[in-house]
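Given next are the chains, with one letter for each unit.
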Amino acid sequence: MRRRVGRGDPDSSGNISDKEKDGEDRLAFSGEGEVEVEGDTKADTPEVPASADNTPECLSKALEGLSSRWKNCWIRVILSLTMITGFCLVIWAGPIMLIPLVMTIQIKCFQEIITIGYRVYHSYELPWFRTLCWYFLICVNYFFYGETVADYFGVLVRRKELLQFLVRYHRFISFTMYLAGFCMFVLSLVKKHYRLQFYMFAWTHVTLLIVVTQSHLVIQNLFEGLAWFLIPASIVICNDIMAYLFGFFFGRTPLIKLSPKKTWEGFIGGFFGTLVFGFIFSYLVAHIQYFICPVEYDSEMNRFTMECQRSDLFMLQEYSLHPVVQNVLGWETLTLYPFQVHSIALSTFASLIGPFGGFFASGFKRAFKIKDFADTIPGHGGIMDRFDCQYLMATFVHVYLTSFIRGPNPSKVLQQLLALHPEQQLSIFYSLGAHLREKGILLATGGED
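Being a predicted model, the structure only gives us computed values, none of them experimental.

Enquirer: What am I meant to see in the state of the cysteines here?
Expert: This structure, assessed with the given rule, holds one disulfide. Shown here is the disulfide that connects C293 with C308, its sulfur atoms set 2.0 Å apart. Across the S-S bond linking C293 and C308, the dihedral sits near -85 degrees, which makes this disulfide left-handed. One end of the pair, C293, is in the loop between α13 (289–292) and β5 (296–298); the other, C308, is in the loop between β6 (303–305) and β7 (317–320), with 15 residues separating them in the sequence. Exposure remark for C293: the relative accessible area of 0% places this residue in the buried category.

Listed below in structure tokens is the structure:
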């Protein structure tokens, strides 16, 4: 049974504990006449104001004669094509433009999630809530992007004494910054809102884990070669479009209660459509040098370069087919890029597991009775609504690269060696020479001394 306590009822006020008087467990609407003490009811989760319709007026007028279903479809199609065009332009501009794009998306996604919490609990006037949220975002970004600078800009860092200092003590500085925020949070605790403040502390950190950590993995994938950024991002977009189209025209069977509009027809159609798209698109990308080379900083030219010799991953190889497949197709072998084989794994994940990122986001939105995270993109919702699956995909790609693709990086090893003292470098030089002579490599090449 639920127990309601009227704020103006003198008889009730004498029967509640001091804890309830303090309002520590209050989760009610601002301005309501009663507080819900226990029970899982609508009052336990205050509603967030509904998002406004920000569809451009010219687009609304052009589509005003259509039914709401077809109007929404056309708005999504037009805005999707616009975003894809913009994405292609940024890809063309190069990796340096992609880094601020990823960071901008990350900040916007963080802002949308934190704003939901603020709108829900703003009536409690939690001290320093938004200030601490953004401060922790700065701390985490400083840590991750500082690690990236140390890894990929080592040559540049060594030219500046200040940068050398910041890189050398980077983790200590990052930890000190976080400790300052931690202490600020403890000092901001208010007796009436202890539990609620810890809710929001956890909310902020989970958001950082989901958004910032995974967006940092996007940057890591990007530096392995634009192909490892472009293909995963494209197949997620393709799966979203294919699932929407198959569901729109053929959808009859509901897929999951969290997303009532998702259908099995859309899910299955999206899977096969994404496999075909990923296989063909990866073949086209594998031809272009611009996409297949790792992004490295050239100290002599003082700029990033994407020039390399083709790795085995992007060289055509002949594969023997299974006898059953040979009987069906009449082919004994098939010539492919190994990258195309890996694209099948990426497409499978994007189609079967990737949508669960969207389902997770749907559950979050249902918990707060909202349709979208924001109204940034007409017909699509917020930025987070478009990138919920992308973050999950970026994590998978990073794990896939480190598990099956990436080996030791000679350029990174060289950067680390150059950062050592001359005595340490000589010690490694002699040790490596002795090892190569032991293997007979120096003698075989005539480079004994």
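After that view of the structure, there is still more to cover.
Enquirer: Help me understand the nonpolar core in this model?
Expert: For soluble globular proteins, nonpolar side chains are generally found buried alongside one another. F229, L346 and M393 are the most contacted members of the largest nonpolar core, which totals 44 residues. Every element with two or more residues in this core is listed here: α4 (68–93), α5 (95–121), α6 (129–152), α10 (194–223), α11 (227–250), α13, α15 (338–352) and α17 (383–405). At eight residues, the largest contribution of residues to this core is made by α11. When near neighbours in sequence (up to four residues on either side) are disregarded, L346 contacts W228, I231, P232, I235, M393, F396, V397 and Y400. Formed by 36 residues, the second largest nonpolar core is a distinct cluster that contains C109, I113, F129 and F185.

Enquirer: So what exactly am I meant to see when it comes to the packing of α5 against α10 here?
Expert: Each pair of packed helices gets described by two things: the angle between the helix axes and the distance between those axes. At a minimum axis separation of 10 Å, α5 and α10 run at an interaxial angle of 165 degrees. By the angle class used here, α5 and α10 are roughly antiparallel. The two elements α5 and α10 meet at a crossing, and its hand is right-handed. Split into classes, the residues belonging to the contact of α5 with α10 amount to 20 nonpolar, five polar and no charged.

Enquirer: Sorry, what's going on with the pairing of strand β4 (residues 259–263) here?
Expert: Along any regular strand the residues' side chains alternate between the sheet's two faces. Here two bridges tie strand β3 (residues 254–256) to β4, and the two strands are oriented antiparallel to one another. For I256, the partnering residue across the bridge sits in β4 and is S259. Counting the residues between successive antiparallel strands, the hairpin from β3 to β4 contains two residues.

Enquirer: Is there a simple way to explain the pattern of salt bridges in this structure?
Expert: Close approach of charged atoms allows side chains with opposite charge to pair. The tally for this structure, following the rule as stated, stands at three salt bridges. Across the pair E147 and R171 runs a salt bridge, and its minimum N-O distance is 3.0 Å. In this pair, E147 is assigned in helix α6 and R171 in helix α9 (residues 170–188), connecting sequence segments 24 residues apart. Looking at R171, the relative accessible area reads 56%, which means it is exposed. Of the charged contacts in the structure, one is a salt bridge between D240 and R386, with a shortest N-O distance of 2.6 Å. Of the two residues, D240 is situated in helix α11 and R386 in helix α17; the sequence distance between them amounts to 146 residues.

Enquirer: What is the right way to read the side chain of H398 from this model?
Expert: Note that H398 resides in helix α17. H398 has contacts with L217, Q220, N221 and R406, leaving out every residue within four places of it along the chain.

Parameters and conventions
Residues numbered from 1 in each chain as written. Predicted model: local features only at pLDDT ≥ 70, side-chain atom pairs only at ≥ 80, totals over all residues. Heavy atoms only, no water. Disulfide = S-S within 2.5 Å. Helix = DSSP H or I, 4+ residues; strand = E, 2+ residues; numbered from the N terminus. Buried < 20%, exposed > 50% of the residue type's maximum accessible area, 1.4 Å probe, protein only. Core = buried A, V, L, I, M, F, W, Y, C linked by side-chain atoms within 4.5 Å. Contact = heavy atoms within 4.5 Å. Axes fitted to C-alpha atoms, helices over the stretch in contact; angles between N-to-C directions. Parallel < 35°, antiparallel > 145°, perpendicular 65-115°, else oblique. Left-handed = near helix turned anticlockwise from the far one by under 90°. Nonpolar A, V, L, I, M, F, W, Y, C, P; charged D, E, K, R; others polar. Pairing = 2+ DSSP bridges. Salt bridge = Lys/Arg side-chain N within 4 Å of Asp/Glu carboxyl O.

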